[in-house]
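The residues making up each chain are set out below.
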Amino acid sequence: MGVVEGDDDRGVPSPGGADEMGFFGGSSPTSSLCFMSQESFPMASRPFSVARRRVDAPPPSLFDPFSGFCSGVFLDGTAAADSDGWDVRCSPPPPPPPAPTARGRSKAARRKGGCAPAAAACPKKCAAAAARYESLAGLRGFLYHIARDQHGCRFLQQRLDDGKREVDFIFAGVARHAVELMVNPFGNYLMQKLLAVCDDDQRMAIVLTLTKDPFVLVRVSLNVHGTRAVQKLIESLRTRVEIQLVVEALRPGFLELIKDPNGNHVVQRCLQSFDANDNKAIFEAAAVHCLDIGMQCHGCCVLQRCIARSGGEQREKLVAAIASNGFELAQDAYGNYVVQYVIDLKVPSANASLTKQFQGRYIHLSMQKFSSNVVEKCLKVFKEADKATIILELLAVPHFEQLLQHPFANYVIYSAIQNSKGSLHSALTNAIRPHVELLRTSPYCKRIYSRALLKK
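Thresholds, definitions, all that
- The numbering scheme is per chain: residues are counted from 1 as the chain's sequence reads.
- Restriction of local features to residues with pLDDT of at least 70 applies here, the model being predicted, together with a cutoff of 80 or more for giving and counting side-chain atom pairs; totals for whole chains, interfaces and linings are based on all residues.
- As a rule here, side-chain values cover all heavy atoms of the structure and leave hydrogens and water aside.
- Working definition: helices are DSSP H or I runs of at least four residues, strands are E runs of at least two. Numbering for both runs from the N terminus.
- A 1.4 Å probe rolled over the protein chains alone gives each residue an accessible area, and that area as a share of the maximum for its type sets the label: buried under 20%, exposed over 50%, partly exposed in between.
- Here, two residues are considered to be in contact whenever any of their heavy atoms come within 4.5 Å of each other.
- Here a polar contact means two N or O atoms within 3.5 Å. Within protein one must be a hydrogen donor candidate and the other an acceptor candidate, and residues neighboring in sequence count only if both atoms are side-chain atoms.
- Residue-level confidence of the predictor is what pLDDT reports, using numbers from 0 through 100.
- The arc refers to the directions leading from the helix axis to the C-beta atoms.
- Residues enter a nonpolar core if they are buried and are Ala, Val, Leu, Ile, Met, Phe, Trp, Tyr or Cys, with the set joined through side-chain atoms within 4.5 Å.
- These domain limits were set by an automatic method or by a database of domain assignments.
- Axis geometry follows a simple rule: fit a line to the C-alpha atoms, using only the stretch in contact for helices, then measure angles between N-to-C directions, giving values from 0 to 180 degrees.
- Roughly parallel here means an angle under 35 degrees, roughly antiparallel means over 145, roughly perpendicular means 65 to 115, and every remaining angle is called oblique.
- Each crossing gets its handedness from the near helix: less than a right angle anticlockwise from the far helix is left-handed, clockwise is right-handed.
- Residues are sorted three ways: Asp, Glu, Lys and Arg are charged, Ala, Val, Leu, Ile, Met, Phe, Trp, Tyr, Cys and Pro are nonpolar, and all the rest, Gly among them, are polar.
- UniProt positions are given in the numbering used here, feature names are shortened, and annotations may be inferred rather than shown by experiment.
- Basic side-chain nitrogens of Lys or Arg form a salt bridge, by our definition, when they fall within 4 Å of a carboxyl oxygen of Asp or Glu.

Peer 1: For the environment of K387, give the residues involved together with the corresponding values.
Peer 2: Note that K387 resides in helix α23 (residues 384–395). Its relative accessible area of 9% is what places K387 among the buried residues. Filtering out sequence-adjacent residues up to four positions away, K387 remains in contact with C378, L379, K380, F382 and N419. Of the polar contacts made by the side chain of K387, one reaches the backbone oxygen of L379; its length is 3.4 Å.

What follows is the structure, given as structure tokens:
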């Protein structure tokens with residue numbers, strides 16, 4: 001078939017118009033092959049051979065417009081997308097001379113010459129390739145693929161600082177792929193930078209791309225890379241229309257977002273960037289699912305942020321919903337922080353609801369690790385009448401010394417001594433004095449014994 005045995009990589013094809021595979025004839029794959037004798041080519045020194053790529057040659061650079069982009073095929077073997085009409089076909093230049101291999105160089109030369117050809121993807125070489133472009137015209141049609149590369153993304157971010165013309169050019173090349181780039185390890189940084197410099201119309205186009213399917217924005221927000229890009233999007237929103245589109249797109253996934261380690265930051269950024277009216281949907285969802293949200297590590301933080309950012313009727317509903325589930329939340333590892341936050345607000349109706357639920361259960365709550373913190377908070381914040389109810393319930397225990405030795409209840413007794421006065425304080429000290437010897441030896445009673453409060 002026109003291939004001579006023994007041909008190696010040093011063979012040079014005849015200059016009679018051979019294509020990439022060493023065949024002569026038409027330029028398309030379907031053209032017929034013409035086999036001619038060597039006499040027909042007086043300038044050829046040897047028959048043509050199949051051109052093979054050197055194994056040790058460096059991989060084509062992503063910034064090289066002739067490394068596969070202009071031929072319509074990318075490095076991964078996929079065809080270049082030209083649906084946006086930005087693809088430009090260009091003729092390949094003469095092939096560059098092969099780079100010397102590391103094996104053919106001496107140790108001194110390798111030390112002097114720096115990186116070996118195997119390190120072709122190093123940042124210095126990519127930066128040098130990027131510097132060859134005085135404009136972005138050579139990358140037209142391939143910006144999406146370049147944005148997914150570490151060094152290509154960095155190059156595009158730098159060009160965004162050059163002016164409005166470069167911003168428009170890059171936006172036109174990547175806007176349709178906003179969803180894919182936001183969840184990409186490198187592309188998300190380009191989208192964040194683009195959102196910071198684009199104009200109002202371009203930002204609205206990105207918002208419409210992300211919100212046309214309500215679950216797309218939720219999935220992006222749950223992604224470890226996408227959550228940062230969505231937070232940047234929320235920060236950049238300016239008009240009420242944009243805000244409403246984003247909030248409505250996030251609404252179906254509020255509960256999942258609040259409980260997710262990535263998504264909860266998106267909800268908190270909404271609470272921080274939008275006003276109370278725009279966050280109304282978040283407040284309503286938090287009130288309905290307050291028990292489920294409050295008992296989750298990320299949800300308890302979001303729930304407290306919702307209370308802080310809400311106001312008026314929305315805040316009253318949210319606080320009332322939390323207070324109505326106060327007994328269950330108080331015993332939870334995370335929910336107890338939400339209950340303590342509500343108690344500190346000193347809302348009369350909420351504290352009255354909590355007092356009603358806790359009454360007759362203070363002993364049970366005091367002997368648990370998490371709810372004992374809530375009882376201590378009650379002793380510090382509640383009115384004197386409610387404090388008296390707690391202390392009298394503690395004193396009514398048949399074996400008071402068990403509370404003194406308990407690993408959690410002893411903290412409640414200590415707080416009761418600190419936050420009581422008059423006859424209640426005297427009643428507590430009188431109940432503790434008969435167990436002074438126990439206080440000296442028990443590891444949980446030493447903090448009570450060490451205080452001079454018993455001498456008042």
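Still to come is the rest of the account.
Peer 1: So what about the confidence of the model for the protein? Which residues, and what values?
Peer 2: For the protein, per-residue confidence averages 76 on the pLDDT scale, and 68% of positions sit at 70 or higher. Counted against residues more than four places away or in other chains, residues 1–94, with its pLDDT under 50, gives 120 contacts. Low pLDDT, under 50, characterises residues 100–134; the stretch is placed with 36 contacts to residues that sit more than four places away or in other chains.

Peer 1: Report on helix α20 (residues 348–358), specifying residues and quantitative values.
Peer 2: Residues A350, N351, L354, T355, Q357 and F358 constitute the buried set of α20. Seen end-on, α20 carries its buried residues on one side only, within an arc spanning 165°. For α20, exposure combined with an orientation more than 90 degrees from the buried face picks out P348, S349 and K356. Elements in contact with the buried residues of α20: α17 (312–324), α18 (326–330), α19 (335–345), α21 (362–366), α22 (371–381) and α23. G360 occupies a position one or two residues after α20 and carries a positive phi of about 85°.

Peer 1: Can you break down the nonpolar core residue by residue, with the values?
Peer 2: Of all hydrophobic cores here, the largest spans 101 residues; its most connected members are L156, I322 and F358. There are two domains that each give this core at least three residues, and those are domain 1 (134–236) and domain 2 (359–455). Ignoring sequence-local partners within four residues, the contact set of L156 consists of L136, L143, I146, A147, I170 and L190.

Peer 1: Now, about the packing of helix α8 (residues 200–211) against helix α11 (residues 240–250): what can you tell me, with residues and values included?
Peer 2: Packed helices, taken two at a time, are described by the angle their axes make and the gap between the axes. In the contact formed by α8 and α11, the axes pass within 10 Å of each other and the chain directions differ by 20°. Classed by the angle they form, the pair α8 and α11 counts as roughly parallel. In this structure, α8 meets α11 at a crossing whose hand is left-handed. Contacts from D200, R203, M204, V207, L208 and T211 of α8 reach α11 at V241, E242, L245, V246 and A249. Of the residues assigned to the contact of α8 with α11, the class counts are seven nonpolar, one polar and three charged.

Peer 1: Outline unusual backbone geometry, listing residues and values.
Peer 2: Comment: phi is negative for the bulk of residues other than glycine, and the bulk of peptide bonds are trans. Positive phi is not limited to glycine here, since K346 has a value of about 60°. Its place among the elements puts K346 in the loop between α19 and α20. The class of K346 is exposed, set by a relative accessible area of 56%.

Peer 1: Let's hear about the UniProt feature "repeat: Pumilio" (unreviewed entry) in the protein: which residues, and what values?
Peer 2: UniProt feature "repeat: Pumilio" (unreviewed entry): in the numbering of this structure it lies at residues 173–209, 249–284, 321–356 and 357–393. Helix makes up 76% of residues 173–209 and strand 0%, whereas the separation of the span's terminal C-alpha atoms amounts to 14 Å.

Peer 1: Before we move on, could you go through the packing of helix α13 (residues 263–273) against helix α16 (residues 297–309) and cite the residues and values that matter?
Peer 2: It is at 10 Å that the axes of α13 and α16 come closest, and there the two elements cross at 10°. The orientation of α13 with respect to α16, classified from their angle, is roughly parallel. Only H298, C301, V302, R305, C306 and R309 of α16 make contact with α13, whose side of the interface consists of N264, V267, Q268, L271 and Q272. Taken together, the residues of the contact of α13 with α16 break down into five nonpolar, four polar and two charged.

Peer 1: Could you give an account of the pattern of salt bridges, naming the residues involved and the relevant values?
Peer 2: It is possible for side chains of opposite charge to pair when their charged atoms get near one another. Per the counting criterion, the structure on display carries 15 salt bridges. Salt-bridge contacts for K164 lead to D199; the nearest nitrogen and oxygen are separated by 3.3 Å. Note that K164 is positioned in helix α5 (residues 164–174) and D199 in the loop between α7 (187–197) and α8, a separation of 35 residues in sequence. Between E248 and R251 there is a salt bridge, with its nearest N and O atoms 3.0 Å apart. Taken together, the salt bridges that share partners define one network made up of K164, D168 and D199.

Peer 1: Describe helix α4 (residues 150–159), listing the residues and the values that go with them.
Peer 2: Three or more residues of α4 are buried, namely H151, G152, C153, F155, L156 and R159. Taking the backbone nitrogen of H151 as reference, a side-chain oxygen 3.0 Å away marks D149 as the first, capping residue of α4.

Peer 1: Any details on the side chain of S310? Residues and values, ideally.
Peer 2: Within the element layout of this structure, S310 appears in the loop between α16 and α17. Under the relative-accessibility criterion, S310 is labelled buried at 8%. A distance of 3.0 Å separates the side chain of S310 from the backbone oxygen of C306, its partner in a polar contact. Side-chain polar atoms of S310 contact the backbone oxygen of I307, separated by 3.2 Å. Setting aside residues no more than four positions away along its own chain, S310 makes contact with F283, R315 and L318.

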